Amino acid sequence: MNKGKYILVNGSFVPTEEYRISLPEAEGFLFSEKIRSIRTAFPFFKETLEVIKLKLRIFGQSFSDLTANDGSGLKRQLERTLTKNKHFLGAVFVVTFRFSDQKMYYTIQSEKLENTAYELNEKGLYVEAFDEIKKPASTISMLSIGSDIYWNIARNQMTNPMTDHFLIINTENQIVEIPESNIYVLKGKSVRGASIAQGAYMDFTRPLMLEIFSKFNLEFDEEPGISIQDIREADEVLIVNAIEGIRWIVGFEGKRFFNHLARKISEQFNQSLTN
């Protein structure tokens, strides 16, 4: 991905190479949220907006200039950034919120995507379990702001060049996610997932994924959680988020997985977003 030449800072464009933040602004950081565009459309915009408003409430803040009227203000600023940086085919936006000097501030930065639409990865991913620091369930563990610390710790502990991602494990030794993504374990006609009660991060794609599983007559179950043994015995393993879409896992320990159903699910995922 290529970063845009301009960053939108509180409604005004600043050249990326010239943008600086002050110490109070750095200390006032609240959170960032990612949004993807496909040409001029913003998949999962409504869901992203609701999470942004929830996070603002958690921090005791609001930002009606961006969030009111179904997020028309935010969408307008995303469109402006898209046009300014000429990222017309597809991009990922990072929207960052700060609170400093009793005021809310925001920035929007875009990066161009190589692929216009969501595409299943041709090369499967290799994963390992990370159990040195276990993620507990909490009132915010379903959000990125309650998960980032565990994701960052896992990323910094990754030393094997053959490993693409760590599986995040909760305090009950269940697999709940990989950083920024939900995980689904497929075996026969069943799909195993992780729940909020188990501390799992909930990506915006989750409701759509449950609809797709139903269309394929797959039985979804999250109550038992996902164990290491479930991964070992799986036919296929998927990880999904609203930015990258569906990706398939090819290897865990000595086990190798197929992607037959993953391809069909990925096609349905794209069709559901364009219909």
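The structure we're discussing is the one just above.
Every value quoted in this text rests on a predicted model; they were computed, and no experiment measured them.

> Looking at this structure, I do not really get the overall build of the protein chain. What am I missing?
Check the secondary structure of the protein chain and you find seven helices and 15 strands. Against the globule reference of 19 Å for 275 residues, the protein chain gives a C-alpha radius of gyration of 19 Å, in line with a compact fold. Viewed in the frame of its principal axes, the protein chain has a C-alpha envelope of about 55 × 40 × 35 Å. Of all 275 residues assigned to the protein chain, the portion counted as buried reaches 49%.

> Can you help me understand the nonpolar core in this one?
The nonpolar side chains of soluble globular proteins are, as a tendency, buried together. Core analysis: the biggest nonpolar cluster contains 25 residues, and Met209, Leu238, Ile246, Ile265 and Phe269 have the highest contact counts within it. With near-sequence residues (within four places) excluded, Ile265 lies in contact with Leu186, Met209, Ile212, Phe213, Phe216, Leu218, Leu238 and Ile246. Core analysis: the next-biggest nonpolar cluster, separate from the first, contains 21 residues, Leu49, Ile52, Leu78 and Val95 among them.

> Can you walk me through the environment of Glu244 in this structure?
Structurally, Glu244 is set in the loop between strand E13 (236–241) and strand E14 (245–252). Expressed as a C-alpha distance, the spacing of Glu244 and Gly60, which sit 184 residues apart in the sequence, is 31 Å. Once residues within four sequence positions are removed from consideration, Glu244 is found in contact with Arg36, Tyr118 and Glu119. A distance of 3.1 Å separates a polar atom in the side chain of Glu244 from a polar atom in the side chain of Arg247.

> Which parts of the structure should I look at to understand the layout of surface pockets?
Over the atoms rolls a probe the size of a water molecule, and its path tells where empty space is left. One number sums up the size of the largest pocket: a volume of about 1,000 Å³. When residues of the lining of the largest pocket are assigned to their parent elements, the largest contribution, seven residues, is made by strand E4 (residues 29–38). Residues belonging to the lining of the largest pocket are distributed by class as follows: 21 nonpolar, eight polar and 13 charged.

> Before we go on, may I ask you to explain empty space enclosed by the protein in this structure?
A full pass over the atoms with the stated rule returns one cavity of 30 Å³ or more. If you add up the space inside the largest cavity, you get close to 50 Å³. Around the largest cavity sit Val9, Asn10, Tyr19, Ile21, Glu25, Arg98, Tyr105, Tyr106 and Thr107, which together line it. Sorting elements by how many residues they give to the lining of the largest cavity places strand E6 (residues 103–112) first, with three residues. In terms of residue class, the lining of the largest cavity is made up of five nonpolar, two polar and two charged.

> I keep staring at the environment of Tyr19 and nothing clicks. Help me out?
Here Tyr19 is to be found in the loop between strand E3 (12–15) and helix H1 (23–27). With relative accessibility at 22%, the residue Tyr19 sits in the partly exposed group. Taking C-alpha positions, Tyr19 is 8.9 Å from Val9, a pair spaced 10 residues apart along the chain.

> Explain the pairing of strand E8 (residues 165–170) here, please?
The two faces of the sheet receive side chains in turn, since in a regular strand these alternate between them. For E8, the tally of buried residues reaches six of six residues, placing the bulk of the element in the interior. The alternating pattern of E8 places His165, Leu167 and Ile169 and Phe166, Ile168 and Asn170 on opposite faces, both of which are buried. Here five bridges tie strand E7 (residues 125–135) to E8, and the two strands are oriented parallel to one another. What sits directly across from Glu128, in E8, is Phe166. Pairing analysis gives two bridges linking E8 to strand E9 (residues 175–177), with the strands arranged antiparallel. Of the residues in E9, the one forming a bridge with Ile169 is Ile175. Hairpin connection of E8 to E9: four residues between the antiparallel strands, including Asn173 at a positive phi of 60°.

> I would appreciate a short explanation of the packing of aromatic side chains in the present structure.
Two numbers describe a pair of aromatic rings. These are the distance of the centres and the angle of the planes. The final tally for this structure, using the stated rule, is 13 aromatic pairs. With a centroid separation of 6.1 Å and an interplanar angle of 70°, the aromatic rings of Phe63 and Phe97 are classed as edge-to-face. Highlighted residues: Phe63 in the loop between helix H2 (45–58) and helix H3 (64–84) and Phe97 in strand E5 (residues 90–100), separated in sequence by 34 residues. Of the two residues, Phe63 and Phe97, neither departs from the other in class, the shared state being buried. A ring pair is formed by Phe130 and Phe166, whose centres lie 5.1 Å apart and whose planes are at 40°; its orientation type is tilted. With Phe130 in strand E7 and Phe166 in strand E8, this pair connects stretches of sequence that are 36 residues apart. No difference in accessibility class separates Phe130 from Phe166, as the two residues are buried. Grouped by ring-pair contacts, the aromatic residues Phe31, Phe59, Phe63, Phe97 and Tyr106 constitute a single cluster. When the ring centre of Tyr6 is taken as origin, the NZ or CZ atom of Lys84, which lies over that ring, is 4.6 Å away.

Thresholds, definitions, all that
- Residues numbered from 1 in each chain as written.
- Predicted model: local features only at pLDDT ≥ 70, side-chain atom pairs only at ≥ 80, totals over all residues.
- Heavy atoms only, no water.
- Helix = DSSP H or I, 4+ residues; strand = E, 2+ residues; numbered from the N terminus.
- Rg over C-alpha atoms; globule rule 2.2 N^0.38 Å.
- Buried < 20%, exposed > 50% of the residue type's maximum accessible area, 1.4 Å probe, protein only.
- Core = buried A, V, L, I, M, F, W, Y, C linked by side-chain atoms within 4.5 Å.
- Contact = heavy atoms within 4.5 Å.
- Polar contact = N/O pair within 3.5 Å; in protein donor to acceptor, adjacent residues only side chain to side chain.
- 1 Å grid on protein atoms, 1.4 Å probe; cavity = no way out; pocket = protein on both sides within 12 Å on 5 of 7 lines; lining within 4 Å.
- Points joined across faces, edges and corners; volume = space filled by probe spheres on them.
- Nonpolar A, V, L, I, M, F, W, Y, C, P; charged D, E, K, R; others polar.
- Pairing = 2+ DSSP bridges.
- Phe/Tyr/Trp six-rings, centres within 6.5 Å; stacked < 30°, edge-to-face > 60°.
- Lys NZ or Arg CZ within 6 Å of the ring centre and 35° of its normal.

By themselves, these are just geometric observations and shouldn't be taken as functional.
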